[in-house]
Amino acid sequence: MTGNRVVVYKGAGEVAVESIDYPTLELPKDVSSGMKIKKKAPHAAILKLVTTNICGSDQHMVRGRTTAPVGQTLGHEITGEVVETGDDVLFVNKGDICSVPFNIACGRCRMCNEGKTGICLNVNPARAGAAYGYVDMGGWIGGQAEYVMVPYADFNLLRFPDRDQAMEKILDLTMLSDIFPTGYHGAYTAGVTTGSTVYVAGAGPVGLAAAHAAQLLGASVVVVGDMNAERLKQAKSFGCETVDLSSGDKIEDLIEGVLGEPEVDAAVDAVGFEARGHGADAEEAPATVLNDVMGIARAGASLGIPGLYVTGDPGAIDENAKQGRLGIDLGLGWAKSHSFTTGQCPVKRYNRQLMNLILSGKAEIAKAVNATKISLDDAPQGYSDFDKGAAKKYVIDPHGMVA
């Protein structure tokens, strides 16, 4: 193979599909030089993409709300077929169809040995943790492409046990690279268990995944809040209660209208730093959701925060927010003895178990998030529609392999 195509950030509101070099079994220059490790990567594999998804985290970059440079390749939700392996890859073979955790992890450092693969110490010289196709995450080529290189393949790749079964459920299995584990992580770290009442802020794909995960964890009632009517309708489609935040009513009153009391056992922030206040014409208020979930979570509750927060937001409403400093009511959370879990989901902590739920028919994540297949050439339109609030999870099929 001599070529490859990948989705590239071209400036605020614009992406394009461009030709780049076919991947090699080598680490990015930033990683090899910055970490002072060998560039050659005999531990790596090259995958032919079967599916790769558009994520809300990508959308933050495309809106110009991060420090991503023009030319940043995109895509970190990757499922593919192994077409080449390095000499040191022992347990993954050509032809295997695998899910790729969006966290890039070496499998050898202290964090990886502790199961904290979202903050691997050996894959990004700038900070702990790396991801494909994302700003400040090590310079790794994005996976909204035809082909991608995956390092430390034996550790990172989750091989599906049966190829035919995998292709039959590929729209569910494609969610294992990020969205399903991330949603599950949000619900799990919020303490959702048998009989819990749960509030999920945000009915985008991650919020819907968190809501479905809460159901799988045994929640008695899952309430999803958003201002997008179509996304709220999607949440209702698989048994969630909903609250319409465009009404401008207090979140406590809305929750009480559903549950009969103004608090929940567990709360999940699946919105992140581009949050807006309540009401149809509400302005951006990046701490709104964090303050909402502290307000309605019972004393002693846990809060799961899979929504993305950044250290650099050039489009923020004020100078503090541009540096990730938000007006959080931490005193309220402290007084209520809340616990908070933030950061990248450590995908490998959950992906095998969630794969088993999908293969057994117990989890129907593609249905919950309204998985919608598009071609690689349609990716720019997919980004545009997603940015307008489409109640869909766009799944790119670069090679036409999905029936």
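Residues numbered from 1 in each chain as written. Predicted model: local features only at pLDDT ≥ 70, side-chain atom pairs only at ≥ 80, totals over all residues. Heavy atoms only, no water.

1. Structural notes on helix H14 (residues 351–359)
It helps to recall that an α-helix has 3.6 residues per turn; residues three or four apart then point in one direction. Within the sequence span of H14, burial applies to Asn-351, Leu-354, Met-355, Ile-358 and Leu-359. With its buried residues spanning 140° around the axis, H14 presents them on a single face. Residues of H14 that are buried make contact with strand S7 (158–159), helix H5 (163–168), helix H6 (170–173), helix H7 (179–189) and helix H15 (365–369). Gly-361 lies just past H14 and shows a positive phi near 85°. (Buried < 20%, exposed > 50% of the residue type's maximum accessible area, 1.4 Å probe, protein only. Helix = DSSP H or I, 4+ residues; strand = E, 2+ residues; numbered from the N terminus. Arc of directions from axis to C-beta. Contact = heavy atoms within 4.5 Å.)

2. Looking at the packing of H7 against helix H8 (residues 205–216)
A pair of packed helices is characterised by two quantities: the angle between their axes and the separation of those axes. It is the contact of H7 with H8, at a shortest axis distance of 7 Å, that shows an interaxial angle of 60°. Judged on the interaxial angle alone, H8 and H7 are oblique. The two elements H7 and H8 meet at a crossing, and its hand is right-handed. Across the interface between the two elements, Ile-179, Phe-180, Thr-182, Gly-183, Tyr-184 and Ala-187 from H7 touch Pro-205, Val-206, Ala-209, Ala-210, His-212, Ala-213, Ala-214 and Leu-216 from H8. Of the residues belonging to the contact of H7 with H8, the class tally is eleven nonpolar, three polar and no charged. (Axes fitted to C-alpha atoms, helices over the stretch in contact; angles between N-to-C directions. Parallel < 35°, antiparallel > 145°, perpendicular 65-115°, else oblique. Left-handed = near helix turned anticlockwise from the far one by under 90°. Nonpolar A, V, L, I, M, F, W, Y, C, P; charged D, E, K, R; others polar.)

3. Quick word on the nonpolar core
Counting residues in each nonpolar core, the largest one holds 69 residues, and the members touching the most others are Leu-176, Val-192 and Val-200. Ranked by residues supplied to this core, first place goes to H8 with seven residues. Apart from the residues lying within four places of it in its own chain, the contact partners of Leu-176 are Ser-99, Leu-158, Phe-160, Pro-181, Val-347, Asn-351, Leu-354, Met-355 and Ile-358. Counting 34 residues, the second-largest nonpolar core is a separate cluster that includes Leu-27, Ile-104, Met-149 and Tyr-152. (Core = buried A, V, L, I, M, F, W, Y, C linked by side-chain atoms within 4.5 Å.)

4. Considering the state of the cysteines
Within this structure, the stated rule accounts for zero disulfides. Free of any disulfide, Cys-55 has its nearest cysteine sulfur in Cys-345, 11 Å distant. Cys-106 carries a free sulfur, and the closest cysteine sulfur to it, the one in Cys-120, is 3.6 Å from it. (Disulfide = S-S within 2.5 Å.)

5. With respect to unusual backbone geometry
Even without glycine at this site, Lys-36 takes up a positive phi of about 55°. You can see Lys-36 is positioned in the loop between helix H1 (29–35) and strand S3 (45–53). A positive phi angle, close to 55°, is found at Ser-337, a residue other than glycine. By the element assignment, Ser-337 lies in the loop between helix H13 (330–335) and strand S13 (339–341). Take Ser-337: its relative accessible area is 53%, and that puts it in the exposed class.

6. Description of the pattern of salt bridges
All told, the structure shown has 14 salt bridges when counted by the stated rule. Here Arg-65 makes a salt bridge to Asp-313, at a shortest N to O gap of 2.7 Å. Remark: Asp-313 occurs in the loop between strand S12 (302–304) and helix H12 (319–322) and Arg-65 occurs in the loop between helix H2 (56–62) and strand S4 (77–85); sequence separation between them is 248 residues. We classify Arg-65 as buried; its relative accessible area is 9%. Between Lys-116 and Glu-114 there is a salt bridge whose closest N-O contact spans 3.2 Å. (Salt bridge = Lys/Arg side-chain N within 4 Å of Asp/Glu carboxyl O.)

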